[in-house]
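Chain residues, written in single-letter form:
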Amino acid sequence: MRIVIAEDDALLREGLTHLLRAEGMEVSSAVDNAADLLDAIASDRPDVALVDVRMPPTYRDEGLRAAVEARRRQPGLAVLVLSAHVEDSYATELLADGRGGVGYLLKERVGKVADFLEALERVAAGGTAMDPEVVAQLLVRRRTDDPLHSLTPRERETLALMAEGHSNATIAGLLKVSDGAVHKHIGNIFSKLGMPTTDAGHRRVLAVLAYLKA
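Calculation notes
Within any chain, residue numbers begin from 1 and follow the written order of that chain's sequence. Only residues with pLDDT of at least 70 are given local features in this predicted model, and only at 80 or more are side-chain atom pairs given and counted; all residues enter the totals for whole chains, interfaces and linings. Water and hydrogen atoms play no part in the side-chain values, which are based on all heavy atoms of the structure. Buried and open spaces are told apart on a 1 Å grid over the protein atoms alone, a cavity being a set of points where a 1.4 Å probe fits but cannot get out and a pocket being an open set with protein on both sides within 12 Å along at least five of seven lines. Residues with an atom within 4 Å of a point are the lining residues. Grid points are joined across faces, edges and corners, and a volume is the space filled by probe spheres set on the points. The numbering of helices and of strands both runs from the N terminus, where a helix is a DSSP run of H or I of at least 4 residues and a strand a run of E of at least 2. In this classification, Asp, Glu, Lys and Arg are treated as charged, Ala, Val, Leu, Ile, Met, Phe, Trp, Tyr, Cys and Pro as nonpolar, and every other residue, Gly included, as polar. Each residue is assigned to one of three classes by its accessible area relative to the maximum for its type, calculated with a 1.4 Å probe on protein chains only: buried under 20%, partly exposed between the two thresholds, exposed over 50%. As used here, the arc belongs to the directions running from the helix axis to the C-beta atoms. Residues count as neighbours in contact if any of their non-hydrogen atoms are within 4.5 Å of one another. In the analysis that follows, any N or O atom pair within 3.5 Å is treated as a polar contact, provided that within protein one partner can donate a hydrogen and the other can accept it, and provided that, for residues neighboring in sequence, both atoms belong to side chains. By the convention used here, strands pair only if DSSP detects at least 2 bridges between them. To get an axis, fit a line to the C-alpha atoms, keeping to the stretch in contact for a helix; angles then go from 0 to 180 degrees between the N-to-C directions. We call two directions roughly parallel when the angle between them is under 35 degrees, roughly antiparallel when it is over 145, roughly perpendicular when it lies between 65 and 115, and oblique otherwise. Handedness of each helix crossing follows the sense of rotation of the near helix against the far helix: counterclockwise by less than a right angle gives left-handed, clockwise gives right-handed. Definition used for salt bridges: Asp or Glu carboxyl oxygen within 4 Å of a side-chain nitrogen of Lys or Arg.

1. Focus: the layout of surface pockets
Turning to step 1, where the next piece is worked out: Of the voids in this model, the largest pocket is the one considered here, and its volume is about 240 Å³.
Turning to step 2, where the next piece is worked out: Every residue lining the largest pocket is counted, 14 residues in all, and those nearest its centre are Asp115, Arg122, Pro132, Glu164 and His166.
Turning to step 3, where the next piece is worked out: Of all the secondary-structure elements, those providing two or more residues to the lining of the largest pocket are α5 (113-124) and β6 (128-130).
Turning to step 4, where the next piece is worked out: Partitioned by chemical class, the residues of the lining of the largest pocket number 7 nonpolar, 1 polar and 6 charged.

Right, dumping it as structure tokens:
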């Protein structure tokens, strides 16, 4: 896996570079601003861009803007965005093009190395990785008359894991239930929420997130 890193914090940038190389991945460039990120992507043609949302000069959303632009310039480029704070609007903007290969994680997830690497690999394979904190905020910001309230506690747990981008098999493992039980929960969820039934990975995540943002 060929990776470009854009992170203005030198310590985190070096830490990410060391971690990924230790895992046998190629870090072709590690830069500290959005302009250099776009240049590196153009020259290196990476498989994945690992990008901080806030970078110089204003420390607002330069990294996010560069990530969206990079995907426009290089269709198929996978992007995993890192942020110090939960901003579900950033997640929405990243997903706006309707394609897979995107992820949005809090920086604190990097410390959970196995989870971070799993999310990176999922995004590189064309999937979606959403931070659990973002999903949690979307779940609680609901109207009192929302159909979400008709879901059982187990169905809500399943829905949250679906929104994070996990497969049926992974959800079964996390909830310690059978694949058949997960399939049944998902069927109930789609039925109760009036959503089209699909097991098409990223499209399923987009459908769930679109509902949660409604």
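2. Let's talk about helix α8 (residues 168-175)
Three- or four-residue spacings in an α-helix give side chains the same orientation, since the helix completes a turn every 3.6 residues.
Turning to step 1, where the next piece is worked out: Among all positions of α8, only Asn168, Ile171, Ala172 and Leu175 are buried. Buried residues of α8, viewed axially, fall in a sector of 100°; they line one side.
Turning to step 2, where the next piece is worked out: The first or second residue beyond α8 is Lys176, which carries a positive phi of 60°.

3. Regarding the environment of Ala66
Turning to step 1, where the next piece is worked out: With respect to the helices and strands, the residue Ala66 is situated in helix α3 (residues 62-73).
Turning to step 2, where the next piece is worked out: Residue Ala66 is classed as buried on the basis of its relative accessible area, which comes to 4%.
Turning to step 3, where the next piece is worked out: Taking the C-alpha atoms as reference, Ala66 lies 9.3 Å from Asn33; in sequence the two are 33 residues apart.
Turning to step 4, where the next piece is worked out: With residues near it in sequence (within four places) discarded, Ala66 still touches Ala34, Leu37 and Leu38.

4. Here we look at helix α6 (residues 132-140)
Turning to step 1, where the next piece is worked out: Of all the positions in α6, only Val134, Val135, Leu138 and Leu139 are classed as buried. Buried residues of α6, seen end-on, are gathered within an arc of 135° and therefore sit on one face of the element.
Turning to step 2, where the next piece is worked out: The N-capping residue of α6, defined by a side-chain oxygen 2.9 Å from the backbone nitrogen of Glu133, is Asp131.

5. Notes on the sheet that holds strand β4 (residues 78-83)
Turning to step 1, where the next piece is worked out: If you walk across this open sheet you meet the 6 strands as β2-β1-β3-β4-β5-β6, and the pairing is parallel. Among the strands making up the open sheet, the edge pair consists of β2 (26-31) and β6. The sheet shows a mean angle of 20° between the axes of neighbouring strands, taken without regard to direction.
Turning to step 2, where the next piece is worked out: Examined bridge by bridge, strand β5 (residues 102-106) and β6 share 3 bridges and lie parallel to one another. By the bridge assignment for β6, Val102 is matched with Thr128.

6. Observations concerning the environment of Leu38
Turning to step 1, where the next piece is worked out: Tracing the backbone through its elements, the reader meets Leu38 in helix α2 (residues 34-44).
Turning to step 2, where the next piece is worked out: Spatially, the C-alpha atoms of Leu38 and Val4 are 9.8 Å apart, while their sequence positions differ by 34 residues.
Turning to step 3, where the next piece is worked out: When near neighbours in sequence (up to four residues on either side) are disregarded, Leu38 contacts Ala66, Glu69, Ala70 and Arg73.

7. Looking at the packing of helix α7 (residues 153-164) against α8
Turning to step 1, where the next piece is worked out: Interhelical geometry of α7 versus α8 gives an angle of 130° and a closest axis separation of 10 Å. Between α7 and α8, the angle is such that the two are oblique. Classified by chirality, the crossing of α8 by α7 is right-handed. Along the contact surface, α7 presents Arg154, Glu157, Thr158, Leu161 and Met162, while α8 presents Ile171, Leu174 and Leu175.
Turning to step 2, where the next piece is worked out: Grouping the amino acids of the contact of α7 with α8 by side-chain chemistry returns 5 nonpolar, 1 polar and 2 charged.

8. Looking at the pattern of salt bridges
Turning to step 1, where the next piece is worked out: Enumeration according to the criterion identifies 10 salt bridges in this entry.
Turning to step 2, where the next piece is worked out: Among the ionic pairs, Arg122 bridges to Glu118, the shortest N-O distance being 2.6 Å. Placement of the pair is Arg122 and Glu118 together in helix α5, with a separation of 4 residues, close to one helical turn.
Turning to step 3, where the next piece is worked out: Residue classification places Arg122 among the buried positions, given a relative accessible area of 14%.
Turning to step 4, where the next piece is worked out: Residue classification places Glu118 among the partly exposed residues on the basis of a relative accessible area of 33%.
Turning to step 5, where the next piece is worked out: Members of the salt-bridge network, linked through shared partners, are Glu7, Asp52 and Lys107.

9. Considering the side chain of Ser83
Turning to step 1, where the next piece is worked out: By the element assignment, Ser83 lies in strand β4.
Turning to step 2, where the next piece is worked out: For Ser83, the residues in contact, after removing those within four places along its chain, are Val53, Tyr104, Leu105, Leu106 and Lys107.

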